[in-house]
Amino acid sequence: MAEGQDKTDLSVRVPDNERSGTSVDRLDLAASATTAPPAISPSLNTATSVTAVNLGQVESARTRSGLIHADDNSLRPVATHVVPNVSHPVDAIPLIEEEMILPNPLVKYEYRPMEDGQGSEAPEPHHQSQQVIYINAPERNHSEINITCTSKYNFLTFLPKFLFEQFRKYANIFFLFISLIQQIPNVSPTGRYTTAFPLLLILMVSALKEIIEDFKRHRADDEINNRKAHVHRGDKWVTVKWVDVVAGDLVKICNGGFFPADLILLSSSEPQAMCYVETSNLDGETNLKLRQGHRVTKDLLRGEELASLRGMVECEAPNRHLYEFVGNIHLEGQSAVPLGPNQLLLRGAMLRNTGWVFGIVVYTGLHTKLMLNSTSTPLKRSNVEKLTNTQILLLFVLLVVLSLVCAVANSVWSGRHAHNDWYLFFDVEAESNFGLTLLTFIILYNNLIPISLQVTLEVVKFIQAIFINWDLDMYYAPTDTAAMARTSNLNEELGQIEYIFSDKTGTLTQNIMDFRKCSIAGICYGNNEESKDAFNDPTMMYNLHSQHVTADTIREFMVLLAVCHTVVPEIHHDTGEIVYLSSSPDEAALVQAARQLGFVFTTRTPETVEIEVFGKKEVYEILNVIEFSSDRKRMSVVVRCPDGKIKLYVKGADSVVYERLEETQLYSDITLQHLEEFASLGLRTLCIAKVDIPEDVYEEWKHTYYKASTSIHDREKKIEEAAELIERNLVLLGATAIEDKLQDGVPETILKLSMADIKLWVLTGDKQETAINIGYSCQLLTQNMELIILNERSLDETREALVKRKADFGDALGKVNDVGLIIDGEALRHALSCDCRKDFLDIALSCKSVICCRVSPLQKAEIVDLVKNAQKAITLAIGDGANDVGMIQAAHVGVGISGLEGLQAAHSSDYAIGQFRFLQKLLLVHGAWSYSRLSKLILYSFYKNICLYVIEFWFQIVNGFSGQILFERWSISLYNVIFTVAPPLAMGLFDRFCSAETMMKNPALYKDSQKGRLFNVKVFWVWIGNSIIHSILLFWMPMLMLTQDVAFSSGLVGDYLFLGNFVYTYVVVTVCLKAGLETNAWTWLTHLAIWGSIVSWFLFLVVYSNVYPLVRLSPEMVGMDRYMLGCWLFWLGLLLIPSACLLRDFSWKVFKGTYFKSTRQRVQEVELAKKESVINGSPRKKSSRLITERARLLSSTLFGRAGRVPSSSPPVPPSPEIPHGYAFSQEEFGAVPQAEYIRAYDTNKDKPEGL
Amino acid sequence: MATNGNGDISQDSVEEKPKSRKPKDTKFKQQKLPAWQPILTANTVLPALFAIGIAFIPLGVALLVTSNNIKELVYDYTHCNSSTTSGTCAEFFQNTSQTGETCTCVVTLTLDEDFTGSVYMYYGLTNFYQNHRRYVRSRDDNQLHGDVISYSDLNDDCDPYKTVSDNGTTMGIAPCGAIANSLFNDTFALVYQGSPNEAVGLLNTGIAWVSDKNVKFGNPSDWQKSTYTKPPNWKIPVWNLSLTEESNNGYKNEDLIVWMRTSALPTFRKLYRRINHNGTTFSNGLPKGDYQVTISYHYPVTAFEGTKSIILTTTSWLGGKNPFLGIAYLVVGSLCIVLGVVFLVIHLKWGKRVTNFVTSMEGDPSDLPLGRDRVLSNS
């Protein structure tokens, strides 16, 4: 929640002339954050399901470049959406009145009667129409069906849509084209259906996959559409499915429930029709937002009242702007009153901290703002896939060239032979024309491009994704979340990540605050940091009760914690347990801690706070609340204590509090020392102070403050000034330390990833202090690391700072230095501008750690884009909130943290995992495996096809370039669908060069895949070259073997197909064995695939040679089985030729394995050696000395890292002073300010039941 | 989310999920299937390389010896002198355009040594592209199988030898297509010049694949002689190919069957006759000496610069004489030995270092980055 609130703050602080830009960014990001249904659609989402699109980038680009189109309604929010944020300073009036929800007159967001909706302001297309909804008269309303539909197909649309999708792929078009030209008579050398058939098979496999995926989507849709909503129809409450909710329905939503459609808030269980909503699904802000129903409806608390309600709601036509809503409600017998965004509850948001609300449905289904913001996810293609496509294009060129060469050679040959070779009847029938001959050759060589590659890849990736889903190590039991690959086409990309951009809250941290330590009167309390338990220090209790010299201070300290806050207690009816409601987790933690220690905050009334100190009730009158703001960095309350004294209690950042201390302080030095200590542990600290205020001083100040808080102009500033008057001469009581709990295993994961040369950048919307804190606690920053802090406020300053920093780096620039860069959103905005971009990037890349704080969601996406484009590196973004959606979609790979309530990020991500630490397994194991498997699979698929089809070319040389094929036509077309389909599958699914454990323990292994060493242009063409060599051997050796034709002792001779089948058999055997040679781990499935493929060909040969004349198919195969298998030459060749082919590959592999041993081979050997020793019953018996030595040896050889700053390098200039670990989260400038919010509560009163 | 105190409220709305999403812990699903992981290094493959080398070289030698023991005689009679007209038969055919004419050559073949065992007689053609696409396709297998079909149903690929039109009547060609039309039609008679001269018995059956003769080729129940005619280049219709031997007549004629198996290369030989070894003189093969061959010379090959030969050969279990396989085995075997030696040298020279390295790393790979893990636990 801290993040969300900071963003708010940011947008307020921008200078006016720049406000629009920032605001647009924010809004659109928020808009972009909206999405598909709140439930996971458990599909492997290949870019098709409805999710959010990053509108923000387009918008902001336009705004930045100054191209503002007046007719573009998307720019409208510039003026309007800031309403909820800035309304407060203007109308902060101590009690909630009607004015509260009236829009701020300064903002162009005034209620206008609908009639002149297109009045003086720029005409907006969506204002030209309006919608009228009659309350309690659903039959009069026109309503869009309230349905969620993420599925792609239904029974009717499946075939056309599917075919359209498929034939958008080049490869499929190509093969379709081949199938078509095969229909031309006399052109095809391979018959008419030999391409169509495999193509059909492949399309069927794809169709099956699509159907499975779409079926899952249908089920997910049904789950949402069939959710239950409580609707008041007629005179009673009925439960209907979401899909049956129509406009004008009166619905009741209970706490924790999602809104089924866009609603107008009528009333709620809370005072003044207030309610909390969580909009993280829509805009990514995790702090709760207040919404308030209109005064005229706030008393509709019972069903009967609703039933008798008549009237209508007018509202603007549906649009996608989340923070914009104009409408009015016209109740019978009353005049129309305006409605604004404060009364609008959006579909996708969730009701929180509120018993229930009543609302009228206004927008349903596709008209909801959520749906209007949904578009399809950008299609992401992996690096490997792109490279593959380029190579396919090159191969296509090769194919055309080869065909041209053959066609020309054919003409030449025919020209020379036409008049002489009478048996070829050229005199009777002329040779076909050049074009047709060319087509013949294109058909002949079409399978140089592997027809099955696409579908094999799809299937393999699909199953790889399932393996990810199945991974037990990535299962997070507390939330019952298994990892989920939502797309399968990026598996190999996971193996190539160089940069990770991580969100902080919810990703690195749990967003749970724990009170860990405190320093009271110079004494530090708290258990040591390893303890996972809550704060518990008996010493403190002892000191408190034993009349210790500091006992009074301790008491005061605890009272302050229990009194000075804006928390609202709620007593659970059944258990009597008190639950604290707050938009600030820090405050909740402090109040919670006070309760634990016997100072229980029990009741809040508009004027007082009641606490129970060890069971004894004490009432503190709250005179004033001076709110927290990130400028003030403190919050304080003025209270009248039970003894009648007036006191000011303050908690805030140490820097702020120390400035205002009375001059003589007993413990200021020791407390400062403690603060430093806390900060070094990565704890968030607050200083606690108080001051006694004499009655007369307070009376005087009270007036000043009242004036300030009711002034029309500069209220904020005046309040601050007024606060300064009283917040001085403070007496320091001590300090608190709150732990922002990290997710499990975060530091370890960061370390492992850094060992794999993956750089982690933290991009957070949170404050700088918080971010630095977390940086320390998760080891991203270390104590001896230099920090560069950039928070310049203008473009010029930023540029200057960047240039200076860059110069400071000197030679070390571009290397990874032990320096941490911290930059805040404001400076980042300048740093990302065109002329600073390069410098910023240079500096950022020279730092070991980069933390960007207070960044907007859009900036997150921009940073990702910057690194992605400038570094040509593969990036991964990980986050949990909707504010991360932008970067998740911008990065090559987006990972969402799932299992929490806001599933937004998970929905737009490519992979969803339960915990940050699972990233290790996902990248180091699944990523690296997928990459190496798919690389092999792709290379091998090309290899096997080229191997077979280039043979056709060699055969052309001896048959006069006539286009005759050497093999039987159906054996060729089954090559890719039967005989050699299994080895690549086995390779793609089961190959591994060492176990998952070893991969995890040796992150250095990741570098192979990261650097793309296994699949690049060079490797590709080496494989192609190799396959050409193989094809030469595979054709010419059998040919020379049979050159005398006589193959049997009975004197019989063979024919062309006899040779062809020899060659074909050798090809199948060779490529299958080659697959074996490339396989590192032979599981039984691999054995099955390799040997099975070979056997399948022999079986096919035997069956196929005997089908004629039963089936009139391939008479030329008759007897082939008998004569081939009965021919000694065949068997001798079978022994010789594949081994001759593979001898080179084999010995090269051996040579490399011995001579140029790579890291992975070494690790592999060690692993195997270990396994063997375990098997032999003698686990390692090396002395520890040896291990240490080994570790040293390895760290110098295997894990050598990029150069660091030489010790002599110029010292990096000292960082600016940063406060000690201070960080605090609190909603600022919300719809209802905290100070007024708490005044509305009287927790002694019962809440309405709402029935 | 907003507070850490309201967890119990929100739990009310969380549905109970009875079914856990926990993945199953099976070896397959966790990708822990046991696997054989061969490691190829010099020392591990040395035995294999030497073994292959040692196996292949003797095998190669054996194959070479086998091939060399085969006796083979090739006689190119393309330009044989005609015994009926002046000049060579090739010239004779160049000068007369009549295909019906016969030219006869009488040539003498000399066997320098005894051809023991079964001897086979082949004709060989060169520069004859039986593997040309338009040639290979030009046949109708249904017709050859003996199906009774009307000539219009013949395979279009047979064109231009599918039908002939004569005075307005269209007749189908039996067998249709270019392959059949260009059937090799030279005939040979072989006489041993001994004392006395003795004609060598030539068997015209058993020269085709059994499967072809029994399965693929068959005679139709009705020759449809009214609608079918002989191919243009033929002298006699197919149903008269062997009037004496019904089993060798029509499509089942083995000369035709042999010809119909189109060769892989433009230089090829096809089995013409088996030598009949039933008599006393030739029971052990063909004795050395002179043989007179009377060639009925019909087939024109000079037009396409081809040659015709007559080949007499014995066979081994490997078929005809072909040293290639033996040589290939020797080469591959030697390569294996050479590679083995190279790797042995590498192993002796470098292997020690490598092995030391490996043994020094033996143990748990998890130890490797130990240093860092320790650093971590401190913080």
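Residues numbered from 1 in each chain as written. Chains lettered and ligands numbered in written order. Predicted model: local features only at pLDDT ≥ 70, side-chain atom pairs only at ≥ 80, totals over all residues. Heavy atoms only, no water.

Right, let's talk about the overall build of chain A for a bit. Each helix and strand counted, chain A has 42 helices and 35 strands in total. Here chain A, with 1251 residues, has 65% of them falling under the buried criterion. Roughly 44,400 Å² of accessible area belongs to chain A as shown, and the carbon and sulfur atoms make up 59% of that amount. (Helix = DSSP H or I, 4+ residues; strand = E, 2+ residues; numbered from the N terminus. Buried < 20%, exposed > 50% of the residue type's maximum accessible area, 1.4 Å probe, protein only. Areas by Shrake-Rupley, 256 points an atom, 1.4 Å probe, with all protein chains shown as cover.)

Bringing the overall build of chain B into the picture now. If you tally the helices and strands in chain B, you get ten helices and 14 strands. The 379 residues of chain B split such that 49% are buried. Excluding contacts between residues fewer than 6 apart, the proportion of contacts in chain B whose partners are at least 24 apart in sequence is 78%. (Contact = heavy atoms within 4.5 Å.)

Once that is clear, we can look at the interface of chain B and chain A. Counting from both sides, the interface comprises 121 residues of chain B and, opposite them, 149 residues of chain A. Linking chain B with chain A are two salt bridges, by the criterion used here. The closest approach of N and O atoms between B:Arg261 and A:Asp1055, which form a salt bridge, is 2.9 Å. Split by residue class, the side of chain B that touches chain A holds 63 nonpolar, 33 polar and 25 charged. (Salt bridge = Lys/Arg side-chain N within 4 Å of Asp/Glu carboxyl O. Nonpolar A, V, L, I, M, F, W, Y, C, P; charged D, E, K, R; others polar.)

Another point: the environment of A:Glu577. Mapping A:Glu577 onto the fold places it in the loop between strand S20 (568-571) and strand S21 (578-581). Through-space distance from the C-alpha of A:Glu577 to that of A:Val246 is 39 Å; in sequence the pair is 331 residues apart.

Turning our eyes to something else, we now look at the pairing of S21(A). All names here are of chain A. Neither face of S21 is open: one carries Ile578 and Tyr580, the other Val579 and Leu581, and all of them are buried. As judged from the four bridges shared by S20 and S21, these two strands associate in the antiparallel manner. Residue pairing across strands places Val568 opposite Leu581, the latter belonging to S21. (Pairing = 2+ DSSP bridges.)

A word on the sheet that holds strand S8 (residues 198-199) of chain B. Residue and element names in this part refer to chain B. In space, the four strands of this open sheet follow the order S2-S13-S7-S8, with antiparallel pairing throughout. Each edge of the sheet is formed by a strand with only one pairing partner; in this case those strands are strand S2 (103-111) and S8. Taken together, the two bridges between strand S7 (residues 187-192) and S8 define a ladder with antiparallel strand orientation. What sits directly across from Tyr192, in S8, is Glu198.

This part takes up the sheet that holds strand S4 (residues 119-125) of chain B. All names here are of chain B. Overall, antiparallel pairing links the five strands, which are arranged S1-S14-S4-S11-S9 in an open sheet. In this open sheet, the two strands that pair with only one neighbour each are strand S1 (72-76) and strand S9 (202-203). Bridge analysis of S4 against strand S14 (residues 308-314) gives seven bridges, and the strand direction is antiparallel. Bridged to Tyr122 within S14 is Ile311.

On to the environment of A:Met755. Residues and elements named next belong to chain A. With respect to the element layout, Met755 can be found in helix H22 (residues 746-755). The buried category is assigned to Met755, whose relative accessible area is 5%. Placed 248 residues apart in sequence, Met755 and Pro1003 show a C-alpha to C-alpha distance of 5.8 Å.

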